[in-house]
Every structure is written in structure tokens, then in C-alpha cells.
Amino acid sequence: MNFDALKNTLVSALSDAALGEYEIYYMSDESVSVSTLNKEVNSFASATSGGLCLRVVVDGRMGYASTELMTEAEMRELPERAKANALAPEKPDTVGIFAGSDEYEELKLAKVELLSAEELKKYAIETGEALFLKDKSVKAGTSSQAIAAGTSIRLV
């Protein structure tokens, strides 16, 4: 599921559980790496990881729950786990979640699309071949590597 779908399901479940004060933190990492040896791909790895954390306030108590399972069912269960964790301590805290400001300075970051696995493979092979052509001292056993990685963070 993408973040917007996860968020919509979670916000609906928070509303159903009558939890109005909450914070959602979402992070996703992607990476692809290719290594070549003697002008051939000898290693390839692709990984995606991430998680979602939920904080809620119930009767002045902070509750927290997190997951790495990004499914609709998990988003529906997360508010109840956070609520149960908020009610677990015997003594209430004086807590709150920052409601936000009226204005924020705009932060512009360059959006960079990750290269596909095929593009990385091609780039790593071409880099290795260019090394062989550039310098006669480059011999068999020379390797090259291409890596693409990105992180997405959302705070609601």
C-alpha cells in the first residue's frame, strides 16, 4: 500500500476509535545495488523497508504503537494498540501532541527518481568497460558498483 492509502485507513480507524489527538510518523527506505566483476554482473541486491509509528493521547496519557506491516488490517488495529498502551500506566501524564503552526517556511528538496535495476546494471557494466578502455593497467579482476538509495519520511 502507498502512504496515502495507509494514512486514509488509519485516520478512519482513529476516528472510529474516537481518538482525535494523534501523530503519524511514516518512513520508507529503498535501495538497489549492482556489482560487476570482469564486465559481468556478479552481485545484485534490492531492498525495501520501513515502518509506521502512531502516537495518541487518551485521557491525558500518551500511547504509542508501531508496525512494519503495511496492510489495511494492520492500520485498523494500530489505534487500539496505541490506546491500550496509553491506558496501561496507572498514573496519567500531562502530555500533548503539537497541533502545528499556522504557517511554515517552505522547504524545497530536489525530488530524485531512483534508477531502475536495469539502468543500474547497465551503468555498472558500462563503468567497468570504460575503466578497461581508459587505462591499460586495469586488469581482469576489476570490479565496479552502482548503488541507488532513497528515503521517504512523512509526519501527519
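Report on the accompanying structure.

Take the packing of aromatic side chains next. Counted under the stated rule, the structure contains one aromatic pair. Taking the centre distance of 4.9 Å and the plane angle of 40° together, the rings of phenylalanine 3 and tyrosine 26 count as tilted. With phenylalanine 3 in helix α1 (residues 3-16) and tyrosine 26 in strand β1 (residues 22-37), this pair connects stretches of sequence that are 23 residues apart. Judged on exposure class, the residue phenylalanine 3 and its partner tyrosine 26 are both buried. A cation sits over an aromatic face here: lysine 121 above phenylalanine 44, 5.0 Å from the ring centre.

Grouped together as the largest cluster of nonpolar side chains are 18 residues, with contacts concentrated most on Leu10, Leu14, Leu52, Leu54 and Val56. Elements supplying a minimum of two residues to this core: α1, β1, β2 (40-58) and α2 (72-87). Other than its neighbours up to four places away in sequence, valine 56 contacts Leu14, Leu19, Glu21, Tyr22, Arg61, Met62, Gly63, Ala82, Lys83 and Ile97. In this structure, Val32, Val34, Ala124 and Ala148 belong to the second largest nonpolar core, which totals six residues.

Here we come to the sheet that holds strand β4 (residues 143-155). Pairing is antiparallel in the open sheet, where four strands are placed in the order β3-β2-β1-β4. Every other strand in the sheet has two partners, leaving β3 (61-67) and β4 as the edge strands with one partner each. Between one strand and the next, the sheet's axes are offset by a mean angle of 10°, whatever the strand orientation. Judged from the 16 bridges that link them, β1 and β2 form a sheet pairing that is antiparallel. Within the sheet, the bridge partner assigned to glutamate 30 lies in β2 and is threonine 48. On the sheet, α1 packs against β1, β2 and β4 and is oriented at approximately 155° with respect to β1. The sheet strands contacting α2 are β2 and β3, and the helix crosses β3 at an angle near 145°.

What counts, and where the lines are drawn
Residues numbered from 1 in each chain as written. Predicted model: local features only at pLDDT ≥ 70, side-chain atom pairs only at ≥ 80, totals over all residues. Heavy atoms only, no water. Phe/Tyr/Trp six-rings, centres within 6.5 Å; stacked < 30°, edge-to-face > 60°. Helix = DSSP H or I, 4+ residues; strand = E, 2+ residues; numbered from the N terminus. Buried < 20%, exposed > 50% of the residue type's maximum accessible area, 1.4 Å probe, protein only. Lys NZ or Arg CZ within 6 Å of the ring centre and 35° of its normal. Core = buried A, V, L, I, M, F, W, Y, C linked by side-chain atoms within 4.5 Å. Contact = heavy atoms within 4.5 Å. Pairing = 2+ DSSP bridges. Axes fitted to C-alpha atoms, helices over the stretch in contact; angles between N-to-C directions.

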